[in-house]
Amino acid sequence: MAEPASIRVVVTEADFDLGAETAHLEAGGDTGAVVTFTGRVRDTGGALRRMVIEHYPGMTERALTEIAEEACRRWQLTGATIHHRHGTLVPGDRIMMVATASRHREAAFAAASFLMDYLKSRAPFWKKEETEDGAEWVAAREADEAALDRWNA
Amino acid sequence: MAEPASIRVVVTEADFDLGAETAHLEAGGDTGAVVTFTGRVRDTGGALRRMVIEHYPGMTERALTEIAEEACRRWQLTGATIHHRHGTLVPGDRIMMVATASRHREAAFAAASFLMDYLKSRAPFWKKEETEDGAEWVAAREADEAALDRWNA
Amino acid sequence: MKVQVLYFAWLRERIGRGREIVETEAATVAELVAELRAREERYDLAFSDMTAIRCAVDQALAPVETPLEGVREVAFFPPMTGG
Amino acid sequence: MKVQVLYFAWLRERIGRGREIVETEAATVAELVAELRAREERYDLAFSDMTAIRCAVDQALAPVETPLEGVREVAFFPPMTGG
């Protein structure tokens, strides 16, 4: 039998080290493929001053862990990591990352994409963008909600 | 108009730094999403002693650059990186990585998956595995060739 | 019974607080919302379009029809925008 | 004409060399393969199953029907296994 996948969920104001997180995931002997996704605050034409990310402490960690566990049920993963920041960020800052490890690339790609789709619409984070014209809560994209459908076909 | 995507292709015996490569790709102001894939020598039950990767100098760099350029034509990428090692590796060593950067996650995921599928079957690398029972060239997987079909539907 | 009620993002801003203890006899989350709306205008305005609001019961997403019996924590917030 | 011919992976091992300059009048890659096979048994064996062999002409993948006119470099190798 394969070892159970190692799940790691971190919610913090601090930045992360993608190389170190990936090296950690690679450590299992049966890992042949690691896929990562990194989200970053875009500098939308210089208009954005800062982004504030609010979350729901307690539920956030629970939701992210459930999403990671679901990914491990759907694919044969050796590990899955989610690291999401909250607090105040500026353009260029990293917002979050997911990483998935598996024997082969297909499972790692599918699982990373799945984690992102679910995290976008099912984990309790809210982004507020501040420009010189004021502050505004980011609206949810319909495309993000629709993206979940492909995992339930 | 968007700036042209920055393409980076490296073929070397040396290992790479995933965090540094990703940070390099993130540097563009319009990059919101970076997806990476890392391939690694699996420790298949302790049987594998080493893996030797042969390649076709000249054609390799050309093929990888063409694959990256094709990805930039198909998706709106801000950057694409391919780093592939050759020479002698041992279990646990990293073999290669691709990274793609874009405004949104969908393009970055699709392009990284595309790069991997094409690289597997169209870039001139050959793997030889050495166990205590001898050495054997890795056979191409039919699934890898079939994976190209989905990009030409 | 006493329920801890939490508000996030623009819902928190409109209501003017992030959390409060609510004494209620509501049978469901929907009834709790009706009670809150009847209480003050800022609640009434904040909850005026329930299609723009999501709900979590004891830290798990749940529909507004969910019974409140035995529930400790209810949270209201707009659709999530993480990632 | 003179063409540089390269062999990789098990094809290189079976033929016993990685590259050579071949003097040929072959019109296509397929004709070049026929000439090589006629030359020595190790070539004949190495090229006995062309479905297991891929070909590059001037460093780009190409079918064996490709004309040799003006070509500087032809490479033969098994299906690729990178990544």
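Remember, it's a predicted structure, so these values are computed and weren't measured experimentally.

## Quick notes on the sheet that holds strand 2 (residues 19-23) of chain C
All names here are of chain C. Strand order across the open sheet formed by 5 strands is 2-1-5-3-4, with mixed pairing between neighbours. Lying at the two open borders of the sheet, with one neighbouring strand each, are strand 2 and strand 4 (60-61). The sheet contact formed by strand 1 (residues 2-7) and strand 2 spans 5 bridges and is antiparallel. Paired with K2 across the two strands is E23, which belongs to strand 2.

## Here we look at the sheet that holds strand 5 (residues 87-89) of chain B
Residues and elements named next belong to chain B. Pairing in this open sheet of 4 strands is antiparallel, and the strands run 5-3-7-8 from one edge to the other. With one partner strand each, in any of the chains shown, strand 5 and strand 8 (134-137) form the two edges of the open sheet. In this sheet, adjacent strand axes meet at a mean angle of 25° when their direction is disregarded. In the sheet, strand 3 (residues 48-55) pairs with strand 7 (residues 125-131) via 7 bridges, with the strands oriented antiparallel. For L48, the partnering residue across the bridge sits in strand 7 and is T131.

## Observations concerning the interface of chain B and chain A
Where the parts come together, the accessible area they lose is often given as the size of the interface. Contacts between the two partners involve 34 residues from chain B, matched on the other side by 34 residues from chain A. When the area that chain B buries against chain A is broken down by residue, the three leading residues are R40, R42 and R105 of chain B, summing to 26%. For the pair chain B and chain A, the interface holds 10 salt bridges. For the salt bridge of R105 of chain A with D144 of chain B, the shortest nitrogen-to-oxygen distance reads 2.9 Å. At the junction of chain B and chain A, the tally comes to 19 residue pairs in polar contact (both at pLDDT 80 or more). Among the elements of the structure, helix 1 (18-26), strand 2 (33-40) and helix 3 (105-122) of chain B are those that each provide at least two residues to the side of chain B that touches chain A. Looking at the side of chain B that touches chain A residue by residue, the classes come out as 10 nonpolar, 11 polar and 13 charged.

## What to know about the relation of the copies chain B and chain A
Between the two copies of this chain, the relationship is a rotation about some axis together with a displacement along it. When chain B is fitted to chain A, the best match, at an RMSD of 0.0 Å, comes from turning it 180° and sliding it 0.0 Å along the axis. Expressed as an axis order, the relation between the two copies is that of a two-fold axis. Minimal C-alpha distance to the rotation axis in chain B is attained by G19 of chain B, lying at 2.1 Å.

## Observations regarding the packing of helix 2 (residues 59-74) of chain A against helix 3 (residues 105-122) of chain A
Residues and elements named next belong to chain A. Between helix 2 and helix 3, the shortest axis-to-axis distance is 10 Å and the interhelical angle comes to 150°. Considering the angle they form, helix 2 stands roughly antiparallel to helix 3. The chirality of how helix 2 crosses helix 3 is right-handed. Counted together, A63, L64, I67, A68, E70, A71 and R74 of helix 2 and F114, L115, Y118, L119 and R122 of helix 3 form the full contact between these two elements.

## A word on the pairing of strand 7 (residues 125-131) of chain A
Here 4 bridges tie strand 7 of chain A to strand 8 (residues 134-137) of chain A, and the two strands are oriented antiparallel to one another. From the neighbouring strand, E130 of chain A faces strand 8 of chain A, where its bridge partner is A135 of chain A.

## Side note on helix 3 of chain B
The end-to-end C-alpha distance of helix 3 of chain B, which contains 18 residues, comes to 25 Å, matching closely the 26 Å that a straight helix rising 1.5 Å per residue would cover. Burial of helix 3 of chain B is extensive: 15 of the 18 residues sit out of reach of the surface.

## Considerations on the interface of chain D and chain B
In this assembly, 21 residues from chain D lie in contact with 25 residues from chain B. Summing the contributions of chain D and of chain B, the shared interface buries around 1800 Å²; its carbon and sulfur component is 57%. Its largest share of buried area at the contact with chain B, chain D owes to Q59, T81 and G83 of chain D, together 38% of the area lost on that side. For the salt bridge of K128 of chain B with E13 of chain D, the shortest nitrogen-to-oxygen distance reads 2.3 Å. Taken together, the elements giving at least two residues each to the side of chain D that touches chain B come down to strand 1 (2-7), helix 1 (9-15), strand 4 (60-61) and strand 5 (73-77) of chain D. Broken down by element, the residue count for the side of chain D that touches chain B peaks at 4 residues, all from helix 1 of chain D. Of the residues contributing to the side of chain D that touches chain B, the split by class is 13 nonpolar, 4 polar and 4 charged.

Scoring rules and cut-offs
- Residues numbered from 1 in each chain as written.
- Chains lettered and ligands numbered in written order.
- Predicted model: local features only at pLDDT ≥ 70, side-chain atom pairs only at ≥ 80, totals over all residues.
- Heavy atoms only, no water.
- Pairing = 2+ DSSP bridges.
- Helix = DSSP H or I, 4+ residues; strand = E, 2+ residues; numbered from the N terminus.
- Axes fitted to C-alpha atoms, helices over the stretch in contact; angles between N-to-C directions.
- Contact = heavy atoms within 4.5 Å.
- Buried area = accessible area lost by both parts, 1.4 Å probe.
- Salt bridge = Lys/Arg side-chain N within 4 Å of Asp/Glu carboxyl O.
- Polar contact = N/O pair within 3.5 Å; in protein donor to acceptor, adjacent residues only side chain to side chain.
- Nonpolar A, V, L, I, M, F, W, Y, C, P; charged D, E, K, R; others polar.
- Least-squares fit on C-alpha atoms with pLDDT ≥ 70 in both.
- Parallel < 35°, antiparallel > 145°, perpendicular 65-115°, else oblique.
- Left-handed = near helix turned anticlockwise from the far one by under 90°.
- Expected span 1.5 Å × (residues − 1).
- Buried < 20%, exposed > 50% of the residue type's maximum accessible area, 1.4 Å probe, protein only.

Functional significance is not addressed by these values, which are geometric in nature.
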